[in-house]
Structure formats: C-alpha cells, structure tokens
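Coordinate analysis (summary)
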Amino acid sequence: MRLSRFALLTAIATLGLIGMGGLVTSHGAGMSVPDWPNTYGYNMFFFPISKWVGGIFYEHTHRLVASGVGMLTSVLALWLYGKKSRPFMRWMGVALLCLGGAALAADPKGWSNALVLGLTGAALSGASFFWPRCEASPKWLRRLGLIAFFAVVTQGILGGLRVTEKMQQLGIFHATLAQLFFALVCSIALFASPWWESSGARLRGMSSAGPAPSDLRRREFGFVLGATVLILCQLALGATMRQQHAGLAIPDFPLAYGRFWPATDPASVASYNQHRMEIFAVNPITAAQILMQMAHRFMALLILIAVGVSAFSVRRRLGAGHSLSKLTLVWLGLIFVQAFLGAATIWSNKAADIATAHVVGGALSLALGTILCIISYRNLTLVQSWVRAGTRDAVPIHPPMGARAATSGLH
Amino acid sequence: MMKCSTFLGMIAVAAALQTAGAAEIIGAVTLSGTPPPEVKYTPLMADPTCGKLHKTMPTTHFYVVGANSGLGDVVVSLQGISGQSTGASAKPAELDQKGCLYHPQILAVQTGQKILVKNSDPVIHNIDIQPSASSGNQPFNLAQMPGTPPLTVSFSKPEMFIKVKCDVHPWMFAWISVFDHPYFAVTDKDGHFKIENVKPGTYTIEAIHRKAGKETKTIQVKEGAPTEVNFVLKAP
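Reading the values: rules and limits
- Along each chain, residue indices are assigned from 1 in the same order as the chain's sequence is written.
- To label them, take the chains in the order written and letter them from A, then take the ligands in the order written and number them from 1.
- Note on the predicted model: pLDDT of at least 70 is required for a residue's local features to be given, and 80 or more for side-chain atom pairs to be given and counted; whole-chain, interface and lining totals, by contrast, use all residues.
- The side-chain numbers reported here are obtained from all heavy atoms of the structure, hydrogens and water having been left aside.
- Per the convention used, a helix needs a DSSP run of H or I reaching at least four residues, while a strand needs a run of E reaching at least two, with both numbered from the N terminus.
- Burial status follows relative accessibility: with a 1.4 Å probe on protein chains alone, a residue under 20% of its type maximum counts as buried, one over 50% as exposed, and anything between as partly exposed.
- By definition in these notes, contact holds between two residues if any of their heavy atoms fall within 4.5 Å.
- Accessible surface area values rest on a Shrake-Rupley calculation with a 1.4 Å probe, where residue burial reflects the displayed protein chains alone.
- A pair of Phe, Tyr and Trp rings is counted when the ring centres sit within 6.5 Å of each other, with Trp represented by its six-membered ring. The angle between the planes then sorts it: under 30 degrees is stacked, over 60 is edge-to-face, the rest tilted.
- Here, a charge over a ring means that NZ of Lys or CZ of Arg falls within 6 Å of the ring centre while also lying within 35 degrees of the ring normal.
- Any two strands with at least two DSSP bridges between them are considered paired.
- Whenever a helix is involved, its axis is fitted only over the stretch in contact; in every case the axis is a line through C-alpha atoms, and angles between N-to-C directions fall within 0 to 180 degrees.
- By buried area we mean how much accessible surface two parts lose on assembly, using a 1.4 Å probe and totalling the loss over both.
- Whenever Lys or Arg places a side-chain nitrogen within 4 Å of a carboxyl oxygen from Asp or Glu, that contact is recorded as a salt bridge.
- Under the rule applied, a polar contact is a pair of N or O atoms within 3.5 Å (in protein, one hydrogen donor and one hydrogen acceptor; residues adjacent in sequence only if both atoms are side-chain atoms).
- Three categories are distinguished: nonpolar for Ala, Val, Leu, Ile, Met, Phe, Trp, Tyr, Cys and Pro, charged for Asp, Glu, Lys and Arg, and polar for the others, with Gly belonging to the last.
- Here the word oblique covers every angle except those under 35 degrees (roughly parallel), over 145 (roughly antiparallel) and from 65 to 115 (roughly perpendicular).
- A crossing counts as left-handed when the near helix is turned anticlockwise from the far one by less than a right angle, and as right-handed when that turn is clockwise.
- Here, the term nonpolar core denotes a set of buried Ala, Val, Leu, Ile, Met, Phe, Trp, Tyr and Cys residues that are joined through side-chain atoms within 4.5 Å.
- In this analysis the probe radius is 1.4 Å and the grid spacing 1 Å, with only protein atoms considered; a cavity is a set of points the probe fits into but cannot get out of, a pocket is an open set with protein on both sides within 12 Å along at least five of seven lines, and lining residues have an atom within 4 Å of a point.
- Grid points are joined across faces, edges and corners, and a volume is the space filled by probe spheres set on the points.
- Nonpolar side chains (Val, Leu, Ile, Met, Phe, Trp, Tyr) within 5 Å and like charges within 9 Å form the patches, drawn only from residues with over 30% relative accessible area and no salt bridge.

Remarks on the overall build of chain A
- Along the backbone of chain A there are 13 helices and zero strands.
- Taken from N to C terminus, the helices and strands of chain A fall in the order α-α-α-α-α-α-α-α-α-α-α-α-α.
- In terms of overall dimensions, chain A has C-alpha extents of about 75 × 65 × 25 Å along its principal axes.
- A buried classification covers 51% of the 411 residues belonging to chain A.
- Restricting the contact set of chain A to residue pairs at least 6 apart, pairs at least 24 apart contribute 79%.
- Approximately 18700 Å² of chain A is accessible, and the part contributed by carbon and sulfur atoms is 72%.

Right under this line is the structure:
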C-alpha cells in the first residue's frame, strides 16, 4: 500500500468516526459508559459484546473506532518519517513490552491492560522489521503528521474528560476538534498523493518556462478561504447546539414558530416549553438556544452564498473545464445537500440518522473547502512567482478559454 | 428499666412539644384546559429487553391529570425558608428503575436526605444526574447492573428539577427537587398534597409543574385547623 492510499484510508476512517460521534450525540448516549478509559471496569477491548446494549452500543463502538483511528494516525505519522522511524518503533515497542510485563507483575488481575500493552509493543517492534524503507517526507509534511498524532491524542483525552468530568462544554471542543482533525488528515492525504507532486512539478515547469499557470487571483482565493472559515464557524455553532441536549430549539422550517423571526420573550419561551413533548432531549429550551438556531440558519444562507460566489468566480476566471472549477461546483452541490439535510433534521424531529448525516456533511464541506484553499493557494503563489519572473508580458493575463485550459496544471 | 422508660417518656414529651402548635397545609392543584397529547415511548418498545417488560405501549407522563382535573407531579413548597433541613435523619427516598422508566418521575427531597436508586429491571442502567453548574450540587454518573443493591445519592444544596437520565436508555428521565427544609410535597395523581408540621404564621407557597408553570400564593397558617390552599395551573 502506498502512503497516499493509507492517508486516504485514515481520512475515510476519521469520517466514519465523526459519523459514530454524531450517532452518540443524536442518541443521547454520550454518558452511557460512565468510566474512561475503561468500559464498565473492563479494558475496552475486552468489554463483553453481550453488554453492548442501548446507548452503550453507540458510545463503546465510538471508542473502539476512535482507537482504530488513533492507531491509523500513529502509523501515518510514522510512515511520513519513512525508514527513519524504524529504530524508534523498535525501541518504543520494546519499552511497551516491558511496561506490559511490569503492569502484569504489579497487578495480575489487570492482565487485560498488560496484554494490550504487550501486544501493541510486540506489533510495533515487529513492524519495524518490515517497515517501508522509503525516504522521509518533507519536514513540513512530517510536522503535519506529528500535529495529527497529537491532535488525535488530545481528541481522545477530551472525549474521556467529557465523560469523567461530566462537562458538557468539553463536548463542544471535542466535536469541533474532530472536524479540524478530519480536514487535517484530508490535507495530509492530498499532500501525500502522487497527483500533488506531479501537478506541482508541472505547474512549476510551466511557470519557469514562461506561460502562465492557471490565472487565479487573490480575490478568488479570498472567496474560497472566507467560505471555508464560515463553514468552520458554522460547525462550531452546530456542535454547541448539539451539546445543549435540548432537541430542536425551533421545531419548524423555513418559518420559526410560524413566524419569520420567533418571539424570545420569557412568556413565549415558557409557552414553547409547555408545548414540547420530547422523549429524548428533554432539557427546556432557552431564548439563547432559539437565537443560536436562528444564527445557524442565517449562517447556512451566508455559506450558500459564499460558496456560490466562490464557484462562480473560480469558474469565470479559470473556465468551466478547469478542475478547480469542477471541484468548487462539487462543493456547492455538497452545501446544497447539507442545507437540505439541515432542513430534514428539523422536519424529522431530529431523527438520529438524518442529524448524523448532517454532521458528516458538515465535515465533508469543511474538508473540501480546506483542500480547495490549499490548491488555490498553490496556484495563486505560482501565478505570483510567474508574474515576478517578469514573463507577464509574454502571455495575456486573461488568455482565451482554450489556452487557459491548455496551460492549467490541474488537468 | 425505670431509667429507660423515663428516658423514652422524655423523648415523647420533647417530640410532642416540638410539634405542638404545628399545623398542616392541605390542598389540590388542578389543570385548566386540555394538555397536549402524551407521546408514545416507541423507542422503549423497540428495545429488545425493555420492550418485553411492557404489555402495552407506555406513554410519557408530562401531564398526570386525575379526577376533577387534579394535576399530579406538581411540587408544592413554602418559600423563603432555609437552613431547616432534617434530611440527614429523614427516611430515605426511593427512585426505582422499572420497565426501563423511572418511578416516580418527579421526586422531592431535603438536602442531605438519602435517595436509594433501585434497579428492578433485568438490564443495566446508568444513573446520570446533572445538577446545574451553579448550584454547587455534585453530578453523578453511576452504573447499576441488574440485581445489585440500591445506589445511594444525596444533594447538599437546594435546587429545583435536577435532571436524572439513563444514557443507556435515553428516553428515561426523572427530576429531583431539593429543599433545605421539610415543608414541601409532590401532588398525587389526583392533584392532592399535604405539608405537615408547619408553624403558625404567614407564608408564601408555590406550586410548580415542569410544563404547566407555577403559581404563588400567600397563606396564613393557624394553629389547630388545617389550612387549605388550592392552585389552578393552565394547560398550554
């Protein structure tokens, strides 16, 4: 398997994990396993399947998948170091083996923890003998791998503390960091891909040879970046809303309590709560939560406009056949789907599967926005270096569509 | 023997003196209007274990309306009293998990009073108790296997409607109100309540229901005859 494919696998697994996390929140099962890192006193890998009932199923599966993503991210970070990581793996494996032995000696009843430590150590040490002998990735990419590793560890600890410290606010950070982590892993997959290297070389070759690479300007990049930042803010807002466990603060859409703008005075909020007959999320709603949902709706509209403008401007600048134009169009389509899923979440009274699909759609929107930012930025810097090289006069800055397509490094 | 009976006699006299001059407040809470229809516990019946514990589809009990429109599960309490909790010596309250539902759904206790949380179900439950962050009460999240002894919890600060939740079965909810005095009651299914051992005087009394809101009245408690006070809460 190639590094790029492994990075893609890690990204896909992360998306699955975000989906599992969405199911946990949608089913109100976040606290169904009161301890961490153990599960009902068991080492999580030895928790009997017969006890995976109700909300425990969602929370425990989330933890197991999270462990898997943690392992994949660790391997990815090591892989980015290539053959350099062999000695580290070997000695870290030996250290874990020793730690497992010490744990068993200290507490024979906790054999399962010792076994997991020992097996991890043995696997790590053993893998070092078969580890790819490839050269290390560039330093900046290795650093990104390390950041991903620390992010996944932090994410695990945040999730654990959310349970053990019973702090709902930590759930907001946990959910937002998950989205950022996914965008980061997708970026690593992009940087590790053969396409990134080959298209980069092609672009650099073009810029040094004279003709302009894709004629992207700061304005288009600004649109894409702005829309991506808006999506991130929207995801943080969505995470805050989900962690309130108050169900739907506004039960109708496109109107809000039958009006364009809902009343939020104390009497109206009391009346809303009197009418709410929720089975799951029974916390009474507040005026702040209603306003938060209204902000979420307006932010969605803003994102739709921002992504639409991005797609339109990139298409106008680069032509319809350019890969970036196509990708921004996919982005716009994704935002439309996401808006529909948001509406469906309300119409279905926050059905768990639809609400979870909405969370996953949000993650994909942010990741795609991030990838578009990265590609646009590279094109932008190459255009700028081409302009600086003084070859600007050789080729018109707005070449005809055909010429633009021919010079594009993204085809 | 003589000493012992004298001692018991003294205790009886002290107790009699303590309650002497005390009166009781009785009354009823009624609901005016028609409450929204209750919701079926469809997810409960879909659960492989919990579903078998019910012969018919259970529904929510947000509005427990009995005879003569009496409203159950209303917490009635005297206001403006603090620091008179006898919770430490009070009989423990009970919260049972039966049929994957909490019984009772609305519970009121004193600060320091023990609450025994029972699991009468053949399935694991977790008791996730979430007081408000500002209350100073301790949150709990405890696992309870079937057939295990009751868990004991208590609260040190007064707080209204502390949410109790089972995250394994996310439709399970109960609410506990905590007072630092013994002058409160929860209405029965017909809306009746009784608050005992109240010293004569003027009090503010409040009836509060999670959905139907609250009503406050000023009452004069006199020695001898019970003081009657009735409330009417409105359905949405």
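What follows continues from the structure just given.
Digging into the packing of aromatic side chains
- Across all of its chains, the model carries 20 aromatic pairs over all chains by this definition.
- Measuring from ring centre to ring centre gives 6.0 Å for Phe-173 of chain B and Trp-175 of chain B, while their planes differ by 20°; the resulting arrangement is stacked. Taken individually, Phe-173 of chain B and Trp-175 of chain B each receive the classification buried, so the pair is uniform in this respect.
- Feature note: the residues Trp-140, Phe-191, Trp-195 and Trp-196 of chain A constitute an aromatic cluster, connected by ring pairs.
- Positioned above the aromatic ring of Trp-196 of chain A, the side-chain terminus of Arg-378 of chain A is 3.8 Å from the ring centre.
- One Lys or Arg, Lys-217 of chain B, reaches over the ring of Phe-231 of chain B and ends 5.4 Å from the middle of that ring.

Thoughts on the sheet that holds strand β5 (residues 106–110) of chain B
Residues and elements named next belong to chain B.
- Pairing is mixed in the open sheet, where five strands are placed in the order β5-β11-β10-β7-β8. A single partner strand is all that each edge strand has here, and the edge strands are β5 and β8 (140–144). Within this sheet the neighbouring strands show an average axis-to-axis angle of 25°, counted without direction.
- Here β5 pairs with strand β11 (residues 173–179) via five bridges, running parallel. Following the sheet pairing, Ala-108 is matched in β11 by Ser-177.

Digging into the interface of chain A and chain B
- Taken together, the contacts link 25 residues of chain A with 34 residues of chain B.
- Across the interface of chain A and chain B, roughly 2400 Å² is buried in total on both sides, 65% from carbon and sulfur atoms.
- Summed over the three residues of chain A that lose the most area to chain B, namely Gln-274, Met-277 and Ile-279 of chain A, the buried surface amounts to 29% of that side.
- For the interface between chain A and chain B, the tally reads zero salt bridges.
- Where chain A touches chain B, the interface holds 11 residue pairs in polar contact (both at pLDDT 80 or more).
- Those elements giving two or more residues to the side of chain A that touches chain B turn out to be α2 (54–79) and α9 (266–275) of chain A.
- When its residues are assigned to classes, the side of chain A that touches chain B shows 11 nonpolar, 10 polar and four charged.

Topic: the packing of helix α10 (residues 287–318) of chain A against helix α11 (residues 323–347) of chain A
Residues and elements named next belong to chain A.
- Two numbers describe how α10 lies on α11: the axes approach to 8 Å, and their chain directions differ by 160°. Regarding the angle of α10 to α11, the classification is roughly antiparallel. Remark: the crossing between α10 and α11 carries left-handed chirality. Listed contacts from α11 to Gln-293, Arg-297, Ile-303, Leu-304, Val-307, Gly-308, Ser-310, Ala-311, Val-314, Arg-315 and Leu-318 of α10 are Leu-324, Ser-325, Thr-328, Leu-329, Trp-331, Leu-332, Ile-335, Phe-336 and Ile-346.
- Considering only residue class, the contact of α10 with α11 consists of 13 nonpolar, five polar and two charged.

Quick word on the nonpolar core
- Ranked by internal contacts, the top residues of the largest apolar core, which has 65 residues, are Phe-182, Ile-188 and Trp-331 of chain A.
- With residues near it in sequence (within four places) discarded, Ile-188 of chain A still touches Leu-76, Leu-80, Leu-141, Leu-144, Gly-145 and Ala-148 of chain A.
- Within the second largest apolar cluster, 33 residues are counted, among which are Phe-47 of chain A together with Ala-93, Tyr-102 and Ile-129 of chain B.

Things to note about the layout of surface pockets
- Put simply, the second largest pocket is a space of about 1200 Å³.
- In terms of lining, the second largest pocket is formed by 43 residues, of which the most central are Asn-283 and Pro-284 of chain A together with Gln-130, Pro-131 and Ser-132 of chain B.
- Mapped by element, the contributors of at least two residues to the lining of the second largest pocket are α6 (168–192) and α9 of chain A together with β7 (125–130), β10 (159–165), β14 (201–209) and β15 (213–221) of chain B.
- When grouped by side-chain class, the residues that make up the lining of the second largest pocket number 17 nonpolar, 15 polar and 11 charged.

A word on a nonpolar patch on the surface
- On the surface, a cluster of nonpolar side chains totalling about 760 Å² of accessible area is made up of Leu-255, Phe-260, Trp-261, Leu-291, Phe-298, Leu-301, Ile-305 and Val-309 of chain A.
- By the secondary structure assignment, Val-309 of chain A is in helix α10.

Some points on the pairing of β10 of chain B
Residues and elements named next belong to chain B.
- With six of seven residues buried, β10 is to be regarded as a mostly interior element.
- As paired strands, β7 and β10 are joined by three bridges and run antiparallel to one another. The residue bridging Asp-128 from the neighbouring strand is Lys-165, located in β10.
- Bridge count between β10 and β11: five bridges; the pairing is antiparallel. Within the sheet, the bridge partner assigned to Glu-159 lies in β11 and is Val-178.

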